[in-house]
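# Survey of secondary and tertiary structure
This is what each chain is made of:
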Amino acid sequence: MSIASTLADVRARIASAARAAGRDPKDVKLVAVSKTHAPEKIREAHAAGQRTFGESYAQELDDKSKALADLADIEWHFIGHLQSNKAKVVVRSARVIETVHSSELASEIGKRAASASRAPIDVLVEVKLSEEASKHGAAPAELGALLDAIEKDSRLRLRGLMTMPPFGDAVIAKRIFDELRALRDRHGGASRLPELSMGMTGDFEIAIASGATLVRIGTAIFGAR
Ligand SMILES: *Cc1c(COP(=O)(O)O)cnc(C)c1O
């Protein structure tokens, strides 16, 4: 199947999940996760109208954004675990950094964004709601202080929350998506935190039912990695 047709299929599934939840499909944005896939695949998706792409590795994002610099309207989201020493590379091309997990990282992103003339840069806070050691993010108990620190930093623009449940269990995924939404409501609601980034190939319909505004989908569009 062509990327144009897998994309059309994913968009149709997003729209029907949104309608089933009584939501406007326009309120759910697709982040096409292109990590490990060649720039040519991103070109194909771009030709089919996709503009927002997610990458997980700093160097790969940097390489691809350079290879695709002619596609000036691409909006890159950084969705991987970010170490402070990679913030400088990521702010060069990322429009949104979805994985801020500490105030130290937030302030490093702010500093690097300012010196690259990319401030204010949009950020989401990644929240760790799963016990899995491989999952990163701020603990729910740290969230209040971290959100306050980001809001006080004029080089950053706070946009919302992101999370990633453990792989392959729909019941746990739904519980975690509902927890992220409840945390959003407890910390100022949609006016302060408009974006909820949650849902991947295996669980995006569940995430949309729980209020996702950004779904990060790779495999269903580009195939297996
Ligand atoms: C790889 C990745 C995705 C996409 O996963 P698929 O199952 O391929 O849709 C989404 N979010 C994050 C943070 C990822 O690393």
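Residues numbered from 1 in each chain as written. Predicted model: local features only at pLDDT ≥ 70, side-chain atom pairs only at ≥ 80, totals over all residues. Heavy atoms only, no water.

## A look at the site of the ligand
Note the threshold: Neighbouring residues are identified by heavy atoms, a residue being near a molecule or strand if any of them is within 4 Å of it. Identification of polar contacts relies on pairs of N or O atoms within 3.5 Å, with a donor-acceptor requirement for protein atoms, meaning one able to donate a hydrogen and the other able to accept it, and with residues adjacent in sequence counted only if both atoms are side-chain atoms. Per-residue accessibility takes into account occlusion by the displayed protein chains alone, with areas from the Shrake-Rupley method and a 1.4 Å probe.
What surrounds the ligand is a group of 13 residues, the closest being K35, T201, G218, T219 and R225. Contacts to the ligand include K35, whose side-chain N or O atom sits 2.7 Å from an oxygen atom. Here T201 contributes a side-chain N or O atom positioned 2.5 Å from an oxygen atom of the ligand. For the ligand, the protein covers 92% of the area, taking 390 Å² as the surface of the free molecule.

## Topic: the pattern of salt bridges
How we decide: Here a salt bridge means any side-chain nitrogen of Lys or Arg lying within 4 Å of a carboxyl oxygen belonging to Asp or Glu. A run of DSSP states H or I qualifies as a helix once it reaches four residues; a run of E qualifies as a strand once it reaches two. Both are numbered from the N-terminal end. Here's how the labels work: a residue is buried when its accessible area is under 20% of the maximum for its type, exposed when over 50%, partly exposed in between, all with a 1.4 Å probe on protein chains only.
Applying the stated rule across the entire model yields 21 salt bridges. The partner of R43 in a salt bridge is E40, with the nearest N and O atoms 3.6 Å apart. Residue R43 and its partner E40 are located together in helix α2 (residues 39–47), separated by 3 residues, close to a single helical turn. Its relative accessible area of 52% is what places E40 among the exposed residues. A salt bridge links K174 to D178, with the nearest nitrogen and oxygen atoms 2.7 Å apart. With K174 and D178 both in helix α7 (residues 170–186), this residue pair falls 4 residues apart, about one helical turn. Using a relative accessible area of 32% as the deciding quantity, one classes D178 as partly exposed. Salt bridges sharing partners connect three or more residues here, namely K29, E75 and R95.

## Let's talk about the environment of E98
Short version of the rule: Two residues form a contact once any of their heavy atoms are found within 4.5 Å.
Structurally, the position occupied by E98 is in strand β4 (residues 94–100). Taking relative accessible area as the criterion, E98 reaches 0% and is therefore assigned buried. Spatially, the C-alpha atom of E98 lies 23 Å from that of R13, the residues being 85 residues apart in sequence. Beyond its immediate sequence surroundings of up to four residues, E98 is in contact with V31, H77, F78, I79, L124, V125, E126, M162, S197, L214 and R216. A polar contact is formed between the side chain of E98 and the side chain of S197, at a distance of 2.6 Å.

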